Amino acid sequence: MNGAESLVHTLLDGGVDVCFTNPGTSEMHFVSALDRIDGMRCVLGLFEGVVTGAADGYARMTGKPAATLLHLGPGLANGNANLHNAGRARTPVVNIVGDHTSYHRQHDAPLTSDVEGTARPFSKWVRTSRDANAVSRDGADAIVAARSPTAGVATLILPADTAWGEAVGPTEVPPPPARAIVDDKVITLAAEALRGPGPKLLFLGNAALLGDGLKYAARIAEATGAHLLAETFNPRFERGAGRLAVERLQYSISHALDTLGELSTIVLAGAKVPVAFFAHPGKPSVLLPQSCEVATLATPDEDIVQALAALADLIGARTDRKVEALEPPALPHGAITLPGLAAVIGALIPDQGIVVDESVTSGRGLFPATRNSRPHDWLQNVGGSIGFGMPAATGAAIACPDRKVLCLEADGCGMFTLQSLWSQAREGLDITTVIFANREYAILKQELANVGVPSPGPKALDLLNIGRPDLDWVGLARSMGVEAGRATTLEELADQLGRGLATPGPYLVELVM
């Protein structure tokens, strides 16, 4: 058994049975091991950002890591943007990166680089295997690190000689450690904060937005009169009919300040203190009033559901709040408008669908329009590094082959990782992608005004325009094996979206705005 084989066996024994790959020469022994050892599903991405983003989407839906396979420092650098997003979402990923053989590095060959240095800003755990016998143990440690309560990206670097050298293994992978139970004193302090005077907010993130977390949060709000609100960007959010409708804190600093400006108390349940996404001149970074009392019920790394259950029990909160009835919006007609496209999407979200949202400015009105839609999961770009949507949809579809995936993608973001479409076609994945083709970085036009540039000139505006020439998303999709259609009205959007959702396999709708 060589080092690569010992690692593949260890990954499989540790529950890691999907590997998203874009390999090179230094990874050939690992590729050979994947070929000869049964049990690992291997998915090729034509760009490393597709690979790492797909691992993020997969793990968000399964709760367990996939492996990635990247080629040396430059390959890792190409994948780091979506590793950043995975890390900010606390998504478990076992990120395997090849490197030159240990004795070849001294010769400074063209692809030589500081792989560990490239990995550290985007990984919570980094290790380079020193020899073939260490590989399986290092792999087991990577799985444990990725699945720990602090969850995130664990990067294991394999010099090529550690992959081909004779090795022992595999190494047994221990079960993931349990999340820390929140202390009774912390529960009591949170209860006292919610009993205090003035407007109160229970601010939700992570597991508080899933299943029992939502149920207990609703009971607490019902008993205390506290308002419920979710963080602006969330790894996974269970929504729709039969579930509690919780709005998100809006992205706009002004809107967020209006929402939070009268608060006397905020209790954090798996969320952090709300801060602005970017600093703007003359506006605060922290979005709470200075007089607001902040109490932390549970951090994202702790057992959030246990803490909410204990708090509900302590205050005697046993009455369930009314959940949403199934009442999708009516299909609108006419020209494309943001409320109109939101209504079409809200009407057509499939039952138990998975919505991957990187719609940016076009999607600001989607949450209100989808609260009464069929039950669904909503995945967002937590880290803000664009090019997340289509890769994450790819991973989510592999994780849940029995569920429809709807990807809502801004055209500017989509161009970062459009190679995802090829992987979707190759794997026959059931994904319908809607491209909001406004042919500009519309959000950056808003940001110009936000930072004090209300009247940009033609050169500045040209840097925010992605027309001239216009992108042909229908042609791009078909060139990668994905059937596609174009919509220019709300009726055409409903027709195209319905066609995509009714057809097995990938489909793309270019919505011309």
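What counts and how
- Residues numbered from 1 in each chain as written.
- Predicted model: local features only at pLDDT ≥ 70, side-chain atom pairs only at ≥ 80, totals over all residues.
- Heavy atoms only, no water.
- Helix = DSSP H or I, 4+ residues; strand = E, 2+ residues; numbered from the N terminus.
- Buried < 20%, exposed > 50% of the residue type's maximum accessible area, 1.4 Å probe, protein only.
- Lys, Arg positive; Asp, Glu negative; His and termini not counted.
- Salt bridge = Lys/Arg side-chain N within 4 Å of Asp/Glu carboxyl O.
- Contact = heavy atoms within 4.5 Å.
- Axes fitted to C-alpha atoms, helices over the stretch in contact; angles between N-to-C directions.
- Parallel < 35°, antiparallel > 145°, perpendicular 65-115°, else oblique.
- Left-handed = near helix turned anticlockwise from the far one by under 90°.
- Nonpolar A, V, L, I, M, F, W, Y, C, P; charged D, E, K, R; others polar.
- Phe/Tyr/Trp six-rings, centres within 6.5 Å; stacked < 30°, edge-to-face > 60°.

1. Brief notes about the side chain of Arg248
Logical step 1: Relative to the helices and strands, Arg248 is located in the loop between strand 9 (237-239) and helix 10 (253-260).
Logical step 2: With no salt bridge to any partner, buried Arg248 finds its closest opposite charge in Asp357, at an N-O distance of 4.1 Å.
Logical step 3: Those residues within four positions of Arg248 in sequence are excluded, and the remaining contacts are Leu229, Ala230, Glu231, Thr232, Asn234, Phe237, Asp357, Phe367 and Gln380.

2. A closer look at the pattern of salt bridges
Logical step 1: Following the criterion strictly, the structure yields 26 salt bridges and no others.
Logical step 2: In this structure, the salt-bridge partner of Arg41 is Glu427, at a minimum N-O distance of 2.9 Å. Residue Arg41 is found in strand 2 (residues 41-44), and its partner Glu427 is found in helix 16 (residues 420-427); the two are separated by 386 residues along the sequence.
Logical step 3: Judged by relative accessible area, Arg41 falls into the partly exposed class, the value being 33%.
Logical step 4: Salt bridges sharing partners connect three or more residues here, namely Arg439, Asp470, Asp472, Arg486 and Glu510.

3. Topic: the packing of helix 12 (residues 338-348) against helix 20 (residues 490-502)
Logical step 1: Closest axis-to-axis distance for the helix 12/helix 20 pair is 10 Å, and the angle between their directions is 30°. The orientation of helix 12 with respect to helix 20, classified from their angle, is roughly parallel. In this structure, the crossing between helix 12 and helix 20 has a hand that is right-handed. Side by side, helix 12 and helix 20 meet where Gly340, Leu341, Val344, Ile345 and Leu348 of the first sit next to Leu490, Leu493, Ala494, Leu497, Gly498 and Leu501 of the second.
Logical step 2: A breakdown of the residues in the contact of helix 12 with helix 20 according to their chemical character gives 9 nonpolar, 2 polar and no charged.

4. Examining the packing of aromatic side chains
Logical step 1: The full count for this structure, using the stated rule, is 7 aromatic pairs.
Logical step 2: Ring geometry for Phe277 against Phe278: centres 5.1 Å apart, planes inclined by 70°, an arrangement best described as edge-to-face.
Logical step 3: A residue is classified by how much of its surface remains accessible, and Phe277, at 35% relative accessible area, is partly exposed.
Logical step 4: Under the relative-accessibility criterion, Phe278 is labelled partly exposed at 47%.

5. Digging into the packing of helix 1 (residues 3-13) against helix 2 (residues 28-36)
Logical step 1: Their axes nearest at 8 Å, the elements helix 1 and helix 2 cross at an angle of 50°. Considering their axes alone, helix 1 and helix 2 lie oblique with respect to each other. When the axes of helix 1 and helix 2 are compared, the crossing they make is right-handed. Residues Ala4, Glu5, Leu7, Val8 and Leu11 of helix 1 lie in contact with helix 2, whose contacting residues are His29, Phe30, Ala33, Leu34 and Arg36.
Logical step 2: Looking at the contact of helix 1 with helix 2 residue by residue, the class counts come to 7 nonpolar, 1 polar and 2 charged.

Remember that the coordinates give geometry; whether it matters functionally is a separate question.
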